[in-house]
Amino acid sequence: MTISRRTFIKASALATVGARISEGRTPVTIRQPVAQRPVVISSSNHVRLEDGTDYYNGIRATKKAFQLLLEGKDTLDAVIAGVNIVEDDPNDISVGYGGLPNEQGEVELDCSVMHGPTGRAGAVAALKYVKNPSRVAKLVMEHTDHVMLVGEGALRFALAYGFQKQNLLTERSRKIWLAWLEQHSDRDDWGPSQVPIIPEPESAEQRWIRQIIAERPTGTINCLALNEKGDLSGVTTTSGLAFKLPGRVGDSPLIGAGLYVDNQIGAAGSTGRGEEVIRTCGAHTVVENMRHGMSPLEACLDALKRIVHFYPGRPDFQVKFYAINKRGEYAGASIWSGAEFAVTDARGSRIEPCVYLYERPKKK
Ligand code: GLY
């Protein structure tokens, strides 16, 4: 299935009021969506395969969650069902099954969930062998007196609740990991022999893998839902930074960093470089900004500015925030241009561009 990006942006532009403002010297587009309930938003999770096929997992997730909201399902059940599609998809190399592994070739998953109506939360970090950390995180919320379980303890807990152990490394993610091992350093013994050979032309698959390695994805899906009554919930699930140190935990499973929900105010989540979001309590900051009167967009941009403030030049990483307020206004914002997010509401499903702080320099 190939999705035309232009079609989605055009569709969203019809439904929004657009204006240009200047953030320092960089112009950004301010979009003011008409408030609507119910609404579901998520990161775009654009999947592009070796053969050029592409689709948006964010559209699949928000569509599923929205459909469940229309059936009267709980907002947390709705977003978890939405992201389960992405966790199960072997083609999405940043979440769940098929996610890129740590430097040892082991897939370690992080996730948090937060249920607005009860204010409860659950999370798992560095969970191996179980492809749906979002479902395990919800069980932690419901069946323990804790908020977060990690590593071996999280796995034991999942197995106790009937989850099956499975190898989460697909052929595709194994190949990418091996290529990374061979390419990331010329000071170890991985990589081509020093004996000269006649170089062969790079195949399309090799080029695809090289681009992924250069990017070093921090993938992740964050999905937020608001139902007709005004109840909110959210989930953030990821395989984390590709080729990370074993045991590295990003922002996704940390309540207040990769996810925060306050049923009186709104919900927020993040994707991108988790370390920056942790240091600035990202999602909590966005929700607190909304509490003090900012729109979802202003709240996200302010939280991004708190990150870039630490980098007197311009940071070389990407962070994106997503937010919905109680009324149904929503936003996606990023440090760098080119980012997108998915929305499903009564007007349909679409991809919208994130508002950004800096224009990415054009490739020469
Ligand atoms: N934001 C995902 C991560 O850094 O792990």
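Here is a short report on the structure shown in this document. (Residues numbered from 1 in each chain as written. Predicted model: local features only at pLDDT ≥ 70, side-chain atom pairs only at ≥ 80, totals over all residues. Heavy atoms only, no water.)

1. A closer look at the packing of helix α2 (residues 57-70) against helix α3 (residues 75-88)
What counts is decided by this rule: Working convention: axes come from line fits to C-alpha atoms, limited for helices to the stretch in contact. Angles between N-to-C directions cover 0 to 180 degrees. Labels follow the DSSP assignment, with helices taken as runs of H or I lasting at least four residues and strands as runs of E lasting at least two, numbered in each case from the N terminus. We call two directions roughly parallel when the angle between them is under 35 degrees, roughly antiparallel when it is over 145, roughly perpendicular when it lies between 65 and 115, and oblique otherwise. Helix crossings get a hand from a simple test, with the near helix turned counterclockwise from the far one by less than a right angle marking a left-handed crossing and a clockwise turn marking a right-handed one. The contact definition used throughout considers only heavy atoms, calling two residues in contact when any of these lie within 4.5 Å.
Interaxial distance between α2 and α3 falls to 8 Å at its minimum, and their mutual angle equals 150°. Judged by the angle between their axes, α2 and α3 are roughly antiparallel. Note on packing geometry: the crossing formed by α2 with α3 is right-handed. Note on element contacts: α3 touches α2 through T75, D77, A78, V79, A81, G82, V83, I85 and V86, opposite N57, R60, A61, K64, A65, L68 and L69.

2. Quick word on the sheet that holds strand β16 (residues 348-353)
Keep this limit in mind: The pairing criterion is simple: DSSP has to find at least two bridges between the two strands.
Here 8 strands make up an open sheet; going across it, the order is β8-β7-β6-β10-β9-β3-β15-β16 and the pairing mixed. Each of the sheet's edge strands pairs with one partner strand only, and the pair in question is β8 (148-150) and β16. Direction aside, the axes of adjacent strands within the sheet are offset by 10° on average. Here strand β3 (residues 39-43) pairs with strand β9 (residues 221-226) via 4 bridges, running antiparallel. In the strand pairing of β9, V40 is matched with A225. Sitting on the sheet, α2 is in contact with β3, β9, β15 (340-345) and β16, with an inclination near 155° to β3. The strands touched by helix α4 (residues 133-143) are β6 (109-115), β7 (120-127), β8 and β10 (232-238); relative to β7, the strand with the most contacts, the crossing angle is about 130°.

3. As for the pattern of salt bridges
How we decide: Every case where a carboxyl oxygen of Asp or Glu lies within 4 Å of a side-chain nitrogen of Lys or Arg is listed as a salt bridge. When a residue's accessible area, from a 1.4 Å probe over protein chains only, is under 20% of the maximum for its type it is buried; when over 50% it is exposed; and in between it is partly exposed.
Applying the stated rule across the entire model yields 21 salt bridges. A salt bridge links D88 to K131; the shortest N-O distance between them is 3.5 Å. One end of the pair, D88, is in helix α3; the other, K131, is in the loop between β7 and α4, and 43 residues separate them in sequence. The exposure class assigned to D88 is partly exposed, which follows from its relative accessible area of 33%. Here K131 falls in the partly exposed class, since its relative accessible area comes to 26%. For the salt bridge of R273 with E276, the shortest nitrogen-to-oxygen distance reads 3.2 Å. The network of salt bridges with common partners includes R248, R273, E275, E276 and R279.

4. Focus on the sheet that holds strand β12 (residues 266-272)
Taken together, 5 strands build an open sheet; the order of strands is β11-β12-β13-β14-β17 and the sheet is mixed. Each end of this open sheet is capped by a strand with a single partner; those strands are β11 (259-262) and β17 (355-358). Here the average twist between neighbouring strands, direction ignored, is 15°. Helix-sheet contacts for helix α9 (residues 282-291) involve β11, β12 and β13 (319-325), and the interaxial angle to β12 is about 145°. Packing of helix α10 (residues 296-308) onto the sheet brings it into contact with β13, β14 (330-336) and β17, and relative to β14 it is tilted by some 25°.

5. Some thoughts on the side chain of H115
Definition in use: Polar contact criterion, stated in full: a pair of N or O atoms within 3.5 Å, where within protein one must be able to donate a hydrogen and the other to accept it, and residues adjacent in sequence count only if both atoms are side-chain atoms.
You can see H115 is positioned in strand β6. On the basis of relative accessibility, which here comes to 10%, the residue H115 falls in the buried class. Side chain to side chain, H115 and D74 meet in a polar contact 2.8 Å long. Residue contacts for H115: discarding those within four places in its chain leaves D74, T75, L76, R120, M141, L232 and S233.

6. Brief notes about the nonpolar core
Put simply, the rule reads: Side-chain atoms within 4.5 Å are what join buried Ala, Val, Leu, Ile, Met, Phe, Trp, Tyr and Cys residues into a set we call a nonpolar core.
In terms of nonpolar packing, the biggest core is built from 45 residues, with I41, V286, L304, V319, F321, I324 and I335 touching the most fellow members. The dominant element in this core, judged by the number of residues it contributes, is α10, at 8 residues. In this structure, I41 is in contact with T62, N222, C223, L224, Y322, A323, I324, Y330, A331, F341, A342 and V343, ignoring residues within four places of it in sequence. Within the second largest apolar cluster, 34 residues are counted, among which are V40, L139, M141 and A225.

Geometric values such as these leave the question of function open.
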